[in-house]
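Observations on the model geometry
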Amino acid sequence: MSAGVRTVVLWCPDWPVLAACREHGIDPALPVALTEKGLVHSCSPAARRDGVTRGLRLREAQYRSTALAVLEYDAALDHRAFEPVVRGIEAIVPGVQVLRPGTLAMRARGPVRYYGGEDAAAWALLEAAAGLGVAGARVGIADGPFAAEQAARAAGTGRSVGAARATTGDPADPAPGRSPGAVLAVPPGDSAAFLAPLPVSLVADARTTTLLHRLGVRTLGEFAALPDDDVRRRFGAAGAFAHDRAAGRERSRVAPRTPPPDFEVEQHFEPPLERVDQLAFAFRVRAEEFIERMRAVRLVCTGIRVELDDERGGHSSRSWLHPQWFTPADVVDRVRWQLQGSGTADAGLEAAIVRLRIVPERVDSTGNHEEGLWGGGPDERVHHGLTRVQSMLGHEGVVTAAIGGGRMLADRQVLVPWGDRAPERAAAGAPWPGSLPALAPASVFRERLPVALVDAEAAPVAVDARGAISAPPASLAVGGGRAAPVRAWAGPWPVVERWWDADRARRVHRFQVVDHDGCAWLLVRDGEGWWAEARYD
Amino acid sequence: MTAPRPAPDGAIASEPAPAARLERVEELQARIRGMQATRLDTRAVPTHPALASVLPGGALREGAVVQVEGSITLLMAALAGPSRSGRWVAVSGIPEFGVEAAARFGIDLERLVLVPDPGGQWLTVAAALADVIPVVAVRPAGRLAPAEASRFAARLRQRGALLLVDGDWPGSDARLELERSDWTGLERGHGHLAEREVVVRVTGRGEVGRGSRRRLRLPAGDLGFAAIDEAAAPSAIRAVEPVGDHEAAIAPERGEADGPTAASAPDVVHRPEFAARAS
């Protein structure tokens, strides 16, 4: 049985936390936890000292560490933030595989020969990582990626297993910042011994782990001692793979990635620019270059992310989609919209912009976006016209509509800016008990109009706790206008929503009323009074 | 066109009162003038059949400016025809445009564009929309000079776009407005709105001289629009009309808010009740 290929693994501890802290501007030394589906996904060292562990329920974690800052785990952010680190490492050691964000594997042969020894190569990697802003990275060297990763995780914990030696750097040249034990090199052939005391759950899934525990197999060493053929018969191919890993003769190799072409553009402004139109003008050339570079390799961009830094240290990042593909003018438009919101082009900014960066988020082959032989369809013309209107009024100025779920009319209409994807919403087709009958009002007021609905004695009509009205309505005045007699009415139709949530709870009574001009209104009675929600006109 | 010849079928049905015959003649003349388009190649925009019976010429025309006032439902009826035939429609400056009602009335939301707040740039926005979208509805946010309006109309004719205006527009081709509306289904304390009958009044330049009226179900019980056949069974409005004379029929209806009259007895079911309450 041959041993696995000698492999180096660079591990950045708590990478998700570090990436999230950088994005949100939080000090990673504070207790921070990332959650996924209500459970703690990862946490900072300070939080760990307070007793927060992975898999803990959020409430329990907050109980253990009262000052805990909680953020949502974002896998995309993880990858994105790791990309500069990968590029930095690739600059000194080619052929790097990203095992997951925060963990890199590479074959040991090249760097060891180049740097003249495993320790030297490891320290070169650690110095590069420190230069990229990753403090406290660890390096493990062993036979095969799995063993090397376990070595990297074991480094710095003071655990010296078997013949593994933790180095403290070159004693002849004690460079500052070399924390002791950041590198753990397992001598060739000793990987199995190094792995032996580790728990078996590292190689097997939860079910198999439980089964192995019941069989009395608790460590990798015990698992590796089982006969090869028996493991394969009992646990199948996956079991055999895990068995190989546990025995330190992993067959998988480092699969180095091909560095993707770099399309992103970044521009620094010195002196900082204070006006939107200045910025748009200054960026135009780079925007053309950005699109041109992609076009040269037959790609079009359908989604970009715009990142802006201002001189006060503010950071704004937003993704923009395009219904077709971005042209340079579209890119400049998105930058403008992100800056000005709904203001006008010559409006001043709150803080001057020092840096602008455009990252392509979605690229596609031009082949999928080729124009037809007779030019684009009519929809393309529509798109160009609407884009023009959008550049006049801002991104939110032109919207398309969809019908969402809900009981109140305003909830049911979903307005999406032109070019954006409709958000995932509750289904409109669901029954929604308490919603209106099929006939929908033609005018739905964005802001409800105050109305006065009074009975025959000119006293406001009230609805009591049991949903009974005080007297039949006799006269209606909308928005402080002239009172008109009520011809017909029906109600109250109660709508009670989210009573368990004090902030978003809603308890209203609806009425349909026809006034004397034959105009029908949908009125709403809430705690504050009467409102017109919509008009059937 | 000064001496209208009686239409052949008018001669056969000689029973109705002279006023009714005159009206019939006028209607036929309007149709003739509608067919003899004043401009070259003005093509018809697919129009909802209910609305087609109202409009001079039987259809909305490309390059025309039609005022649709006081009713978003009527506006939706005008948009539903083109939208159903696959055209894009745009609505600018009407923030309360009810999307759900639009979808139920047959406007395809995939090809509906809304510009809720064009603000002061409403005319520029309307022009930009009319360049690419064949049917545009706008609510003017200010007064428009006649010169601007005619420049805009020229642009519409060039693009073949139809402009529906909810508001004032100098020199529009036609103007539709609701003269009265009667809801059914809702009573005093029970029921819910089901359908309504409206009288749509059409006035306009040249083609429709004095204005004609037409009764529609807007919307009908099945969420569609339908013209009401004048010869059908007596309905609420029909019952109070003195035979033949429309002008006379509408006037007392409108004046009725001042004081209850006995003539409204067979009208909407709940009205006598109201009269009793108010007196």
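Residues numbered from 1 in each chain as written. Chains lettered and ligands numbered in written order. Predicted model: local features only at pLDDT ≥ 70, side-chain atom pairs only at ≥ 80, totals over all residues. Heavy atoms only, no water.

**Overview of the overall build of chain A**
For chain A, the count of helices and strands is 15 helices and 21 strands. A burial count over chain A gives 47% of its 537 residues as buried. Put simply, 58% of the contacts in chain A that link residues at least 6 apart link residues at least 24 apart. Total accessible area on chain A stands at roughly 26500 Å², and carbon and sulfur atoms take up 53% of it. (Helix = DSSP H or I, 4+ residues; strand = E, 2+ residues; numbered from the N terminus. Buried < 20%, exposed > 50% of the residue type's maximum accessible area, 1.4 Å probe, protein only. Contact = heavy atoms within 4.5 Å. Areas by Shrake-Rupley, 256 points an atom, 1.4 Å probe, with all protein chains shown as cover.)

**Some points on the nonpolar core**
Residues and elements named next belong to chain B. Core analysis: the biggest nonpolar cluster contains 60 residues, and Val66, Met76, Leu79, Phe97, Ile107, Leu164 and Leu176 have the highest contact counts within it. With residues up to four places along the chain from it excluded, the contact list for Leu79 reads Val89, Val91, Phe97, Ile107, Val135, Ala137 and Leu164. Residues Val65, Trp88, Val125 and Ala126 belong to the second largest nonpolar core, which totals 31 residues. (Core = buried A, V, L, I, M, F, W, Y, C linked by side-chain atoms within 4.5 Å.)

**Overview of the layout of surface pockets**
Residues and elements named next belong to chain A. Roughly 900 Å³ of volume is contained in the second largest pocket. Lining the second largest pocket are 24 residues; nearest its centre among them are Arg80, Glu264, Arg305, Arg357 and Val359. Breaking the lining of the second largest pocket down by element, the ones donating at least two residues are helix H1 (15-24), helix H4 (75-92), strand S11 (299-310) and strand S13 (348-365). Ranked by the residues each element gives to the lining of the second largest pocket, the list is headed by S13, at seven residues. Residue composition of the lining of the second largest pocket, by class: ten nonpolar, one polar and 13 charged. (1 Å grid on protein atoms, 1.4 Å probe; cavity = no way out; pocket = protein on both sides within 12 Å on 5 of 7 lines; lining within 4 Å. Points joined across faces, edges and corners; volume = space filled by probe spheres on them. Nonpolar A, V, L, I, M, F, W, Y, C, P; charged D, E, K, R; others polar.)

**Details of the interface of chain B and chain A**
Counting from both sides, the interface comprises 53 residues of chain B and, opposite them, 51 residues of chain A. Summed over both sides, the interface of chain B with chain A buries roughly 4300 Å², with 61% coming from carbon and sulfur. The salt bridge partner of Arg446 of chain A is Asp117 of chain B, with a shortest N-O separation of 3.0 Å. At the junction of chain B and chain A, the tally comes to 19 residue pairs in polar contact (both at pLDDT 80 or more). Partitioned by chemical class, the residues of the side of chain B that touches chain A number 30 nonpolar, twelve polar and eleven charged. Bridge analysis of strand S18 (residues 484-497) of chain A against strand S9 (residues 188-189) of chain B gives two bridges, and the strand direction is parallel. Looking at the pairing, Trp489 of chain A lines up with Arg188 of chain B of S9 of chain B. (Buried area = accessible area lost by both parts, 1.4 Å probe. Salt bridge = Lys/Arg side-chain N within 4 Å of Asp/Glu carboxyl O. Polar contact = N/O pair within 3.5 Å; in protein donor to acceptor, adjacent residues only side chain to side chain. Pairing = 2+ DSSP bridges.)

**Quick look at the packing of aromatic side chains**
Residue and element names in this part refer to chain A. Applying the stated criterion across every chain yields a total of twelve aromatic pairs over all chains. Ring geometry for Tyr114 against Tyr115: centres 4.9 Å apart, planes inclined by 85°, an arrangement best described as edge-to-face. Classification of Tyr115 by relative accessible area gives partly exposed; the value is 26%. Connected via pairs of aromatic rings, a cluster forms that spans Trp489, Phe511 and Trp530. (Phe/Tyr/Trp six-rings, centres within 6.5 Å; stacked < 30°, edge-to-face > 60°.)

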